[in-house]
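Secondary and tertiary structure notes
Listed here are the chains, written in short residue letters.
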Amino acid sequence: LNGVVLLSSTPNADTPEKSENRRREIALVKAGKKDALARVAPEAGFAEDNRTRMKDYIEDLTEQVAVTEDEGIVALSVLLFQDRFNGMIARKDQNEMLRASKVPQLFILGRKDNYIPVEAAEKMVKEHPQARIVWLENSGHMGFLEEPETTARAILDFVNGK
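Because the structure is a prediction, the values reported are computed rather than measured.

Regarding the packing of helix H2 (residues 34-44) against helix H3 (residues 55-67)
Contact geometry of H2 with H3 gives a least axis separation of 9 Å together with a crossing angle of 155 degrees. As far as their axial angle goes, H3 and H2 are roughly antiparallel. When the axes of H2 and H3 are compared, the crossing they make is right-handed. For the pair H2 and H3, contact is made by Lys34, Ala38, Pro42 and Glu43 and by Ile58, Leu61, Thr62, Val65 and Ala66, respectively.

Printed below as a string of structure tokens:
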């Protein structure tokens, strides 16, 4: 392993509220109400200021949810959100593992992320002095779409040791 990039991600365990939100999302899909999730989730990933500009991406993501079989979404949710049975919902805190690692680390975070509040991201940054940090000043959780050039440059510079 030559490096680790956390792009709009965190080594933190889920808060009880976040775990409950994940459970509600899975329950919506299982109840045949993925349309409710599709109307909210794609847009929430983008910074509010970018939603008009990113309208086509939001529509594409909404459509992807709509055309995906419910069973497929639930299966993906089980894989993404449940290690064995409770995955991301019960994931363990990985902060100490990252701090102890000798592997180079890059955190790319959006200042306007609706999923990782800026206060939580800033706290994480302070707790990881070993990591290189890149802030996407005008991005939410979808920085790779909202600021693709900045995101790509950050990753390329990291890979190339700059």
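Observations concerning the packing of aromatic side chains
Enumeration over the complete set of coordinates arrives at zero aromatic pairs. One Lys or Arg, arginine 111, reaches over the ring of tryptophan 135 and ends 3.9 Å from the middle of that ring.

Examining the confidence of the model for the protein
Per-residue confidence for the protein averages 86 on the pLDDT scale, and 88% of its residues sit at or above 70. Counting contacts from residues 81-88, a segment whose pLDDT is below 50, to residues more than four positions away or on other chains yields 17 contacts.

Things to note about the nonpolar core
A general trend in soluble globular proteins is that nonpolar side chains are found buried together. Leu6, Leu98, Phe107, Leu109, Ile116, Ala121, Met124, Val125, Ala131 and Trp135 form the largest nonpolar core, which has 10 residues in total. Elements with a contribution of two residues or more to this core: strand S2 (105-110) and helix H7 (118-126). The element contributing the most residues to this core is H7, with three residues. Those residues in contact with leucine 98 that sit more than four places away from it in its chain are Leu6, Pro11, Gln105, Phe107, His128 and Gln130. Counting six residues, the second-largest nonpolar core is a separate cluster that includes Leu106, Val134, Leu136 and Ala154.

Considering helix H1 (residues 16-30)
With 15 residues, H1 extends 21 Å from end C-alpha to end C-alpha; this agrees with the ideal 21 Å at 1.5 Å per step. Within H1 the residues assigned to the buried category are Ser19, Arg22, Ile26 and Val29. Buried residues of H1, viewed axially, fall in a sector of 85 degrees; they line one side. Among the exposed residues of H1, those pointing more than 90 degrees away from its buried face are Pro16 and Glu17. Among the residues trailing H1, glycine 32 stands out with phi positive, at a value near 80 degrees.

Points about unusual backbone geometry
Positive phi is not limited to glycine here, since serine 8 has a value of about 50 degrees. Mapped onto the elements, serine 8 comes out in the loop between strand S1 (4-7) and H1.

Considering the sheet that holds S2
Strands sit in the order S1-S2-S3 across an open sheet of three strands; the sheet is parallel. Looking at strand neighbours, the two that pair on one side only are S1 and strand S3 (132-136), the edges of this open sheet. Neighbouring strand axes in the sheet, compared pairwise and without regard to direction, differ in orientation by 15 degrees on average. Direction of pairing for S2 relative to S3: parallel, over a ladder of five bridges. In the strand pairing of S3, leucine 106 is matched with arginine 132. Sitting on the sheet, H7 is in contact with S2 and S3, with an inclination near 160 degrees to S3. Strands S1, S2 and S3 of the sheet are contacted by helix H9 (residues 148-159), whose axis makes an angle of about 170 degrees with S2.

Notes on the environment of glutamate 122
Along the chain, glutamate 122 turns up in helix H7. A C-alpha to C-alpha distance of 9.4 Å links glutamate 122 and arginine 111, two positions 11 residues apart in sequence. Non-local contacts of glutamate 122, meaning those with residues more than four positions away in its chain, are made with Arg111 and Trp135.

About the thresholds
- Residues numbered from 1 in each chain as written.
- Predicted model: local features only at pLDDT ≥ 70, side-chain atom pairs only at ≥ 80, totals over all residues.
- Heavy atoms only, no water.
- Axes fitted to C-alpha atoms, helices over the stretch in contact; angles between N-to-C directions.
- Helix = DSSP H or I, 4+ residues; strand = E, 2+ residues; numbered from the N terminus.
- Parallel < 35°, antiparallel > 145°, perpendicular 65-115°, else oblique.
- Left-handed = near helix turned anticlockwise from the far one by under 90°.
- Contact = heavy atoms within 4.5 Å.
- Phe/Tyr/Trp six-rings, centres within 6.5 Å; stacked < 30°, edge-to-face > 60°.
- Lys NZ or Arg CZ within 6 Å of the ring centre and 35° of its normal.
- pLDDT = per-residue confidence, 0-100.
- Core = buried A, V, L, I, M, F, W, Y, C linked by side-chain atoms within 4.5 Å.
- Buried < 20%, exposed > 50% of the residue type's maximum accessible area, 1.4 Å probe, protein only.
- Expected span 1.5 Å × (residues − 1).
- Arc of directions from axis to C-beta.
- Pairing = 2+ DSSP bridges.

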